[in-house]
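Observations on chain architecture
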Amino acid sequence: MLCELITNNTHNNNIALYKCYNTNKVFYRKAAFSHWGNKVIENEKKGYEWFYKDTEPLAEIRFRRKYFYELDIPQFKGKKFPSESVISGNEETIEMIIDFYKGRWSTNDIFAIHGDLALCNFIIDKNNIKLVDWEHFHYSDKEYFGYDIINMLFILIYHESKRTFSLNKRNRDFLKKCYIQLVEGVGSSNKILEKPFQNARDYLLKFTDRFLINTNTYDKFVLFGSPLSVLEHFDSIVTK
Amino acid sequence: MLAPQHNYTNLSSAVGLGLIGFNEKDIVVDYGCMCFDSLVYASRLSKKIVGINPSYEKLNTLQNRLVEEDVKNCDLVNANYNEQHFNEVFNCVIINSFLEQLIIDTIHNKSIFFDSIIWPKKKDNSLGETRIGFLQTVYDGLRPGGMLYLSYTNKLRFIVFLLLSKLEIMSFFTSFSLKKALRFISLVKAIYLFLYYLLPQKGFERLLKTNGFVDIEKYAVFPDHKYPLKIIPLSKLDECSFEPVLYASREGSLSRIFAGVKRRVDRLIFKKFKLFDLSPSFIIIARKVS
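Residues numbered from 1 in each chain as written. Chains lettered and ligands numbered in written order. Predicted model: local features only at pLDDT ≥ 70, side-chain atom pairs only at ≥ 80, totals over all residues. Heavy atoms only, no water.

Attention now goes to the packing of aromatic side chains. If you walk through the whole model with that rule in mind, you get 38 aromatic pairs over all chains. With 5.0 Å between their ring centres and 80° between their planes, A:F137 and A:Y139 make a pair best called edge-to-face. Of the residues examined, A:Y139 reaches a relative accessible area of 41% and is grouped as partly exposed. Judged by centre distance (5.5 Å) and plane angle (40°), the rings of B:F270 and B:F276 are tilted. (Phe/Tyr/Trp six-rings, centres within 6.5 Å; stacked < 30°, edge-to-face > 60°. Buried < 20%, exposed > 50% of the residue type's maximum accessible area, 1.4 Å probe, protein only.)

Here it is, written out as structure tokens:
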């Protein structure tokens, strides 16, 4: 079987991602290169099991427990997004994802956090949404509903700001619209959505261990690396 | 094969071996043991691994590190590359950065890496014959259907060629003698053979086919075969997407500018023009006919 190495040891995760070309199908393989990598792959498997529970893709996800663990993930059909995606031009998709999140996350019995929700981890085929890269998956409390979406929005803001140096009014209005869409119907006990960006950062700080990060948190999460004043600024934009 | 989850040694530099897919019943040999991570990685996933190296010092160092890593299924053999003849013993042969070493030794007519005492006194000066002889030893040691993993650098093309040419041309023009002229001719021949056999993967493919290998797959490796971050199968260039690997540099603006320029040049060479013959390193995987 022919394989292409896509990434190796990203953010010191001790894992390699291969794209494998079998005779009749293409799939992705994540392979560990240390016991830390094993831990992350086992965790990722749990994430896939949680998300794809009782659905067709789960049967195609294969986990092998050798000395170093391996996880085979099918190549999902649909539109993919670059890692440096921005808000502009993706508004419709972002709204669709928030809708999807509200439905999918609130109907599951056990609440969980993806941990690295970003546009580049979605594969969208018409209305069929697939989500990959569950390395930072963990179970959590329902009071932290919204963390993943806030994290995704901040990544989009980060790349948008890198490209245009500031957010225009259209983007700011759109962020506010997203926030309203997200908080609608959420109970008052929620611990994220009052000051969404600051609280999401606090969650990351408080539960860093749950994310299985093997590198400096600042390098991995832009939400963590940004000054508090910036987060306050964006909190005021969306909550006002 | 399950081990207690106590140590966290990261063997990510052995990522190229992930292309093979070891079986837990496999018996593997590593010629030269040039990459410690590869030796340990293969030992973890196979039944047994044999490491062959002609240097006592190197073997002692390796042995100590294997003890630290708690590797118990590795036998280290102190021998020259063609002194130990195995007959259809191995399921896999690993040759990591070892062939260029053979060539450098042959060009210099002495070992610049191994202990000179162990290196044979009578040397074969022909690069082609040395390599064919070595590959024949490798072929004989493999079981039918066994895999060969070969990785080597392409950077030598520039470094060795320029260095040798410069030295020889300088000495040739400073004082002329028949001996020097003959040396110069033999050097030109050596460089020709070097370019023919080592550098283009096509030359390698021909050499492997001559030695009875089949299903030969060639891969371009970035930025280096000693720690690959991107490996592209050359037979799937249409389906693979090349993006320059990040040469992360935070030290000084000059380094950052250099890294930026390199990324742009790489994108042009490999993504636009697909000149993968210029890849920094290559991996070749071949199979002995069943």
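Another aspect to go through is helix α5 (residues 169-183) of chain A. For the α-helix, the turn length of 3.6 residues means that residues three or four positions removed from each other point alike. Residue and element names in this part refer to chain A. Over its 15 residues, α5 runs 21 Å from end to end, which matches the ideal 21 Å to within 8%, given 1.5 Å per residue. Along α5, the positions that sit buried rather than exposed are N171, F174, L175, C178, Y179, Q181 and L182. Taken down its axis, α5 places every buried residue within 160° of arc, on the same side. Exposed positions of α5 whose direction lies more than 90 degrees from the buried face are K169 and R170. Note on α5: the residue one or two positions beyond its end, G185, has a positive phi of about 85°. (Helix = DSSP H or I, 4+ residues; strand = E, 2+ residues; numbered from the N terminus. Expected span 1.5 Å × (residues − 1). Arc of directions from axis to C-beta.)

When the parts of a complex come together, some accessible area is lost, and that lost area is often taken as the interface size. Counting residues at the interface gives 27 residues for chain A, matched by 35 residues for chain B. Of the roughly 2600 Å² buried between chain A and chain B on both sides combined, carbon and sulfur atoms contribute 56%. Ranking the residues of chain A by area buried against chain B places A:F33, A:H35 and A:Y67 at the top, with a combined share of 27%. Run the count over chain A and chain B and you get one salt bridge. With a shortest N-O distance of 3.3 Å, B:K230 and A:E4 are connected by a salt bridge. Secondary-structure elements contributing two or more residues to the side of chain A that touches chain B are β1 (2-8), β2 (15-21) and α1 (35-51) of chain A. For the side of chain A that touches chain B, the leading source of residues is β1(A), giving seven residues. (Contact = heavy atoms within 4.5 Å. Buried area = accessible area lost by both parts, 1.4 Å probe. Salt bridge = Lys/Arg side-chain N within 4 Å of Asp/Glu carboxyl O.)

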